[in-house]
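Residue-level listing of the chains:
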Amino acid sequence: MRDGAVNTMSEVILKGVYKRYGKTVAVTDFNLHIEDKEFMVFVGPSGCGKSTTLRMIAGLEEISDGTLQIGEKICNDLPPKDRDIAMVFQNYALYPHMNVYENMAFGLRLRKTPKDLIDKKVREAAGILQIEHLLGRKPKELSGGQRQRVALGRAIVREPKVFLMDEPLSNLDAKLRVEMRSQIGKLHRRLGTTIIYVTHDQVEAMTMGTRIVVMKDGFIQQCDTPLNLYDFPKNKFVAGFIGSPSMNFLTVSVQNGMLNAQGLKVSPEGTLAQSLRPYEGKQVWMGIRPEHVGLKGFTNIPVGENIMEGEVEVVEPLGAQTDILVSVGGQILTAKVDGHVMVNAGDMVQLVVDRSKLHAFDLQSENALGRS
């Protein structure tokens with residue numbers, strides 16, 4: 001959409017960034033290189049520092065230590081208006097007395113952009129977002145999804161190097177969130193602009209991000225592609241945060257290379273088996289995702305030395321699949337099974353695990369030990 005503008009790099013580089021509030025450290029030693037045109041997602045629980053980091057990039061919070069570079073500029077001391085960024089907030093932040101057209105045009109008018117260019121940019125953005133028919137309406141006449149499109153449109157018309165989005169879909173209902181996820185993904189592909197997106201919703205992160213930064217307590221836990229986070233989590237926190245339902249964790253003993261607990265006996269293979277050799281006679285966390293656990297007699301997972309026996313405690317029918325919570329030796333494990341399998345609370349069942357999908361974590365450090 002840039003008229004006659006030179007295509008400049010819109011990479012964002014954070015080096016050794018800290019944010020302190022007195023003695024409280026909200027963000028610690030944050031190092032990240034966000035590539036030009038990348039869709040980077042910051043995800044983590046409330047209070048992990050993701051929104052604070054975004055606000056430092058925007059210039060709404062001062063950086064206590066470290067450097068921030070946007071494109072070729074060091075931006076630590078640049079005011080927000082000079083950083084060539086546009087921010088989309090959770091609460092839309094629309095002016096109630098202005099109609100949609102005026103809201104989208106407001107920032108351009110402040111920059112004394114010619115009227116004909118403002119009109120062109122607003123109508124082009126409205127066309128991209130399919131809100132041309134709403135340009136004459138006030139925000140109070142719009143649905144939540146329509147307001148969010150207007151907020152996006154207001155950012156688009158500015159044609160920034162970088163879009164910053166702080167939980168922009170959190171006020172929408174579930175169905176609309178799915179639609180808007182798709183809309184923002186299409187927008188990214190069409191505009192080819194760098195997007196940094198904050199969410200606490202791991203499904204949102206997995207479906208939208210080129211790469212994802214998982215944060216906890218102000219630290220980066222792992223930065224990787226969605227698939228690598230799912231398949232190769234670096235620690236127990238990342239493994240449990242990514243995936244829905246979350247990964248099962250069971251305390252087990254390593255005995256003769258086997259993972260043992262009451263009602264459970266699993267034989268690891270490949271690199272995981274090698275990684276567990278120093279843990280012979282010790283306890284570790286065993287991790288297995290619910291989708292990699294099957295019901296004996298109703299699964300394609302090979303049955304071998306990978307059996308768990310337990311009592312069904314909860315059955316959650318979800319249509320095509322059913323989630324069952326099974327007590328295995330006093331530890332609760334979730335399995336995803338075919339929705340047509342008849343199983344009831346109180347039933348004794350045998351579960352089989354996919355040995356190629358096993359994870360193990362050190363009991364103290366909670367770091368991953370390797371993968372099957």
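Just so it is clear, the structure is predicted and the values come from calculations on it, not from any experiment.

### Some thoughts on the domain arrangement of the chain
Per the domain assignment, the segments of the chain are domain 1 (12-240) and domain 2 (248-362). Each of domain 1 and domain 2 has a C-alpha centre, and the two are 39 Å apart. The interface of domain 1 with domain 2 comprises 8 residues on the first partner and 7 residues on the second. Summing the contributions of domain 1 and of domain 2, the shared interface buries around 690 Å²; its carbon and sulfur component is 62%. On the domain 1 side of the contact with domain 2, Tyr 230, Lys 236 and Ala 239 bury the most area, a combined 75% of that side's loss. On inspection of domain 1 and its partner domain 2, the count reaches 0 salt bridges. Summed over the shared surface of domain 1 and domain 2, the result is 3 residue pairs in polar contact (both at pLDDT 80 or more). Looking at the side of domain 1 that touches domain 2, the elements with two or more residues in it are α7 (226-231) and α8 (236-241). Residues that form the side of domain 1 that touches domain 2 fall into these classes: 4 nonpolar, 2 polar and 2 charged.

### Considerations on the pattern of salt bridges
Where charged atoms of side chains with opposite charge meet at close range, the side chains can pair. Enumeration over the complete set of coordinates arrives at 12 salt bridges. A salt bridge links Asp 119 to Arg 123; the nearest nitrogen and oxygen atoms lie 3.0 Å apart. Of this pair, Asp 119 and Arg 123 are both found in helix α3 (residues 115-129), 4 residues apart, which corresponds to roughly one turn of the helix. Judged by relative accessible area, which is 28%, Asp 119 ranks as partly exposed. Judged by relative accessible area, Arg 123 falls into the partly exposed class, the value being 46%. One salt-bridge network, held together by shared partners, links Lys 19, Arg 55 and Glu 61.

### What about α3?
Side chains that are three or four residues apart share a direction in an α-helix, a result of its 3.6 residues per turn. For α3, spanning 15 residues, the distance from its first C-alpha to its last is 21 Å, which sits close to the expected 21 Å at 1.5 Å a residue. On its buried side, α3 packs onto α2 (100-110), α4 (144-156) and α5 (174-191). Downstream of α3 by one or two residues, Gln 130 has phi in the positive range, about 60°.

The rules we used
- Residues numbered from 1 in each chain as written.
- Predicted model: local features only at pLDDT ≥ 70, side-chain atom pairs only at ≥ 80, totals over all residues.
- Heavy atoms only, no water.
- Domains from an automatic or database assignment.
- Contact = heavy atoms within 4.5 Å.
- Buried area = accessible area lost by both parts, 1.4 Å probe.
- Salt bridge = Lys/Arg side-chain N within 4 Å of Asp/Glu carboxyl O.
- Polar contact = N/O pair within 3.5 Å; in protein donor to acceptor, adjacent residues only side chain to side chain.
- Helix = DSSP H or I, 4+ residues; strand = E, 2+ residues; numbered from the N terminus.
- Nonpolar A, V, L, I, M, F, W, Y, C, P; charged D, E, K, R; others polar.
- Buried < 20%, exposed > 50% of the residue type's maximum accessible area, 1.4 Å probe, protein only.
- Expected span 1.5 Å × (residues − 1).

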